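Structure at a glance
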Amino acid sequence: MNLIKQQPKHFVSLDTLTLEEIMGMIEESLRYKQGDMPPLFDGKTVANLFFENSTRTKNSFQMAERHLKIQEIPFDVATSSVTKGETLYDTCKTLEAIGVDALVIRHPEDGYYHELVEKLSIPVLNGGDGSGEHPSQSLLDLVTIYEEYKTFQGLNVAICGDLVHSRVARSNASVLKRLGANVVGCSPESWWDDSMGLVHRDIDDILPDCDVIMLLRVQHERHIMGDIFSKEDYHARFGLTVERVERMKPGAIIMHPAPVNRDVEIAGSLIEHRQSRIFPQMTNGVYARMAILHRALGGQL
Ligand code: NCD
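Residues numbered from 1 in each chain as written. Predicted model: local features only at pLDDT ≥ 70, side-chain atom pairs only at ≥ 80, totals over all residues. Heavy atoms only, no water.

1. What about the sheet that holds strand E3 (residues 102–107)?
Put simply, the test is: Paired strands, in this sense, are two strands between which DSSP finds at least two bridges. A run of H or I in DSSP counts as a helix once it spans at least four residues, and a run of E counts as a strand once it spans at least two, with each numbered from the N terminus. By definition in these notes, contact holds between two residues if any of their heavy atoms fall within 4.5 Å. Structural elements are reduced to axes, namely lines fitted to C-alpha atoms, with helices fitted over the stretch in contact, and the angle between N-to-C directions of any two is expressed from 0 to 180 degrees.
Read from one edge of the open sheet, four strands run E2-E1-E3-E4, paired in parallel fashion. Only two strands of the sheet have a single partner each, and these edge strands are strand E2 (71–72) and strand E4 (124–129). For E3 and E4, the ladder comprises four bridges, and the chain directions are parallel. Each bridged residue has a counterpart across the sheet, and for leucine 103 the counterpart in E4 is valine 124. Across the sheet, helix H2 (residues 56–67) lies against strand E1 (45–50), E2, E3 and E4, angled at about 175° from E1, the strand it touches most.

2. A word on the packing of aromatic side chains
Given two aromatic rings, their pairing is described by the distance between the two centres and the angle made by the two planes. Put simply, the test is: Working definition: rings of Phe, Tyr and Trp (its six-membered ring) pair if their centres are within 6.5 Å, and the pair is stacked with planes under 30 degrees apart, edge-to-face with planes over 60 apart, and tilted otherwise. To sort residues, take the accessible area from a 1.4 Å probe on protein chains only and compare it with the maximum for the residue type: under 20% means buried, over 50% means exposed, and anything in between is partly exposed.
All chains considered together, the criterion is met by eight aromatic pairs. Pairing tyrosine 146 with phenylalanine 152 gives two aromatic rings, centres 5.6 Å apart and planes at 25°, and the pair type is stacked. Residues tryptophan 191 and phenylalanine 229 carry aromatic rings whose centres are separated by 5.4 Å and whose planes lie at 80° to one another, so their mutual orientation is edge-to-face. A residue pair is termed long-range when its members are at least 10 positions apart, and tryptophan 191 in the loop between strand E6 (182–186) and strand E7 (199–200) and phenylalanine 229 in the loop between strand E8 (212–215) and helix H8 (231–238) qualify at 38 residues. For the pair formed by tryptophan 191 and phenylalanine 229, the shared burial category is buried.

3. Examining the nonpolar core
For clarity, the threshold we go by: Residues enter a nonpolar core if they are buried and are Ala, Val, Leu, Ile, Met, Phe, Trp, Tyr or Cys, with the set joined through side-chain atoms within 4.5 Å.
Grouped together as the largest cluster of nonpolar side chains are 53 residues, with contacts concentrated most on Ile26, Leu142 and Leu176. Ranked by the residues each element gives to this core, the list is headed by helix H10 (residues 278–296), at seven residues. Setting aside anything within four residues of it in sequence, one finds leucine 142 in contact with Leu14, Ile22, Ile26, Phe152, Val175, Leu176 and Leu179. Counting 20 residues, the second largest nonpolar core, distinct from the first, contains Cys160, Cys186, Ile206 and Leu215.

Encoded structure:
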């Protein structure tokens, strides 16, 4: 009998995974897309705890859970004992105690997961922590880029917009640099974040050389001082306009994690442009989350 306790396979930041593990998960996601299925997880249970609103991440995790025959234990923050003041830790410990096998959590606090990963014996899958990290979005973004280019080495990637409030930007900047891409940032000065270690460029200068233009949603809900630009002003100065798209390389791709503020980060008419991968990103999200759940629940391929 193996008496050594296995550490749970948390998925809180791609920084905790090796490049080999990340590449393995990208390839696994693409195999699922081609129709391969891992062994199913009949009898395993997952709770999805969303303390911030979500359309894509939540439904995509739920879809991945269904594909893998994992049972979802419905958890609704608004009708849970969180409203009686129960802490996040006690909530998660309760779900562990009743036998839930893994937790998908989105929470507005940066790094909310530190205490959980130290103390829980079931995996925590981070569905986004405040302005911290969004590793499942990042993995699906990697799947989308890799599907297009079959490499990351030497790709010119521009991450554009509300960088400082964006967990998508933080996760992607870090992992794309590790994978050998040239990553630059384009943002208004007040939304710049030096800690991401990117070179600041003007969107008009990078368009002709860019392989991937990754737009970020303006995070109104995190702007405590209110908005500093009108929609029109932001779009004209920093957005992907109909005029700017003409200056991109013909094979370059446009990404956005969505939800999109139409005609702010990107002209509404470009969302389904032939170079846009915005909806394919969502499709890939289901396969990426299958790979994340498969890793967390300890399945062998
Ligand atoms: C992102 C998020 O919630 O961080 N959306 C998503 O998960 N697809 C991006 C955003 O809200 O701007």
